[in-house]
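If you want the building blocks of each chain, they are given just below.
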Amino acid sequence: MGGSWTDEGSHCNPFGQNILTLIFFSLSPSARPQNLLEELPPTVLELDQLRVLRLSGNKMTALPPQIRMLQQLEDLACDANEIAELPGTLNDLAKLVSLNVRQNAIKALPALGDLAALEMLTASSNKLEGGLEAVQLGKLSGLKRLFVNGNQLSVFPADELLALARDGQLEKANFSSNSLELPLPEELTEELGDKLVV
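Criteria and thresholds
Residues numbered from 1 in each chain as written. Predicted model: local features only at pLDDT ≥ 70, side-chain atom pairs only at ≥ 80, totals over all residues. Heavy atoms only, no water. Pairing = 2+ DSSP bridges. Helix = DSSP H or I, 4+ residues; strand = E, 2+ residues; numbered from the N terminus. Phe/Tyr/Trp six-rings, centres within 6.5 Å; stacked < 30°, edge-to-face > 60°. Buried < 20%, exposed > 50% of the residue type's maximum accessible area, 1.4 Å probe, protein only. Core = buried A, V, L, I, M, F, W, Y, C linked by side-chain atoms within 4.5 Å. Contact = heavy atoms within 4.5 Å. Polar contact = N/O pair within 3.5 Å; in protein donor to acceptor, adjacent residues only side chain to side chain. Salt bridge = Lys/Arg side-chain N within 4 Å of Asp/Glu carboxyl O.

A. Up close: the sheet that holds strand β10 (residues 196-197). Taken in spatial order, the 8 strands line up as β1-β2-β3-β4-β5-β7-β9-β10 in an open sheet, and their pairing is parallel. This sheet does not close on itself; its edge strands, each paired only once, are β1 (21-23) and β10. Relative to strand β9 (residues 172-174), strand β7 (residues 145-147) runs parallel, the two sharing 3 bridges. For R145, the partnering residue across the bridge sits in β9 and is K172.

B. Highlighting the packing of aromatic side chains. Counted according to the given criterion, the structure contains 1 aromatic pair. Look at F156 and F175: their rings are 4.7 Å apart centre to centre, the planes differ by 55°, and that puts the pair in the tilted class. Here the residue F156 occupies a position in the loop between β8 (152-153) and α1 (158-166), and F175 occupies one in the loop between β9 and α2 (186-192), the gap between them amounting to 19 residues. Look at F175 and you get buried, because its relative accessible area is 1%.

C. Structural detail: the nonpolar core. Counting residues in hydrophobic clusters, the biggest one holds 54 residues, and the most contacted among them are L53, L55, L109, L161 and F175. Those elements that place two or more of their residues in this core are α1 and α2. The element contributing the most residues to this core is α1, with 5 residues. Residues in contact with L53, not counting those within four places in the same chain, are L22, L40, V44, I67, L70, L73, D75, L76 and A77.

D. Structural context of the side chain of S176. With respect to the helices and strands, S176 occurs in the loop between β9 and α2. Within the local environment of S176, its side chain forms a polar contact with the side chain of N174, the two groups lying 2.7 Å apart. Beyond its immediate sequence surroundings of up to four residues, S176 is in contact with N149, G150, V197 and V198.

E. Quick peek at the environment of K59. By secondary structure assignment, the location of K59 is in the loop between β2 (52-54) and β3 (75-77). You can call K59 partly exposed: its relative accessible area is 31%. A C-alpha to C-alpha distance of 4.8 Å links K59 and E38, two positions 21 residues apart in sequence. Each residue touching K59, except ones within four places of it in the same chain, is listed here: L36, L37, E38, N81 and E82.

F. Here's a closer look at the environment of L196. If you trace the backbone, L196 turns up in strand β10. With a relative accessible area of 12%, L196 lands in the buried category. The residues contacting L196, other than those within four sequence positions of it, are F156, A173, F175, L184 and L188.

G. Layout of the pattern of salt bridges. Inspection of the entire model under this criterion finds 8 salt bridges. Here D92 makes a salt bridge to R68, at a shortest N to O gap of 2.7 Å. On the criterion of sequence distance, the pair formed by D92 in the loop between β3 and β4 (98-100) and R68 in the loop between β2 and β3 is long-range, its members being 24 residues apart. For D92, a relative accessible area of 28% gives the class partly exposed. Overlapping salt bridges bring together R166, E187 and E191 as one network.

The analysis is restricted to geometry; functional conclusions fall outside its scope.
Shown next as structure tokens:
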């Protein structure tokens with residue numbers, strides 16, 4: 001099924017003001033192209049009580065910087081799109097618990113260090129290069145699950161992951177299928193054990 005949206009009028013939000021969950025997704029290969037989203041409908045940004053926004057399996061190439069207006073958002077999924085860059089304003093979504101940007105064309109993640117509530121970050125199967133310094137992983141004290149497998153990362157964030165592991169929050173970090181130099185520091189593998197996949 002494909003998500004679609006039509007603007008019925010400039011002063012009327014077709015979704016309703018108090019909606020908490022909004023899903024526009026298509027995981028079916030037979031979905032009609034005209035039913036796939038290429039951009040976020042502007043009216044969605046007016047849903048100031050929105051908690052869950054699912055945009056999986058569309059043809060979006062970007063998220064608008066105005067995504068910061070969704071201050072109650074806890075779960076954002078825009079996986080399986082054509083997004084090449086994420087807006088830095090994601091860092092303003094203070095209540096975000098889960099961010100899924102898997103299977104896009106993203107080369108670098110923005111700073112996310114202010115997302116104190118973030119527990120899961122999924123950015124596997126993208127085009128991430130170099131390292132994750134900009135993300136500020138060490139500041140994500142609540143992060144439990146990190147998936148960046150299937151990229152082109154060459155620098156491993158050892159210090160940041162050690163800090164997260166010692167805080168007792170980190171449950172899984174998947175860095176497999178990257179371009180990392182192995183073996184990793186012994187201290188890291190001892191501390192993380194089977195929580196780390198490379």
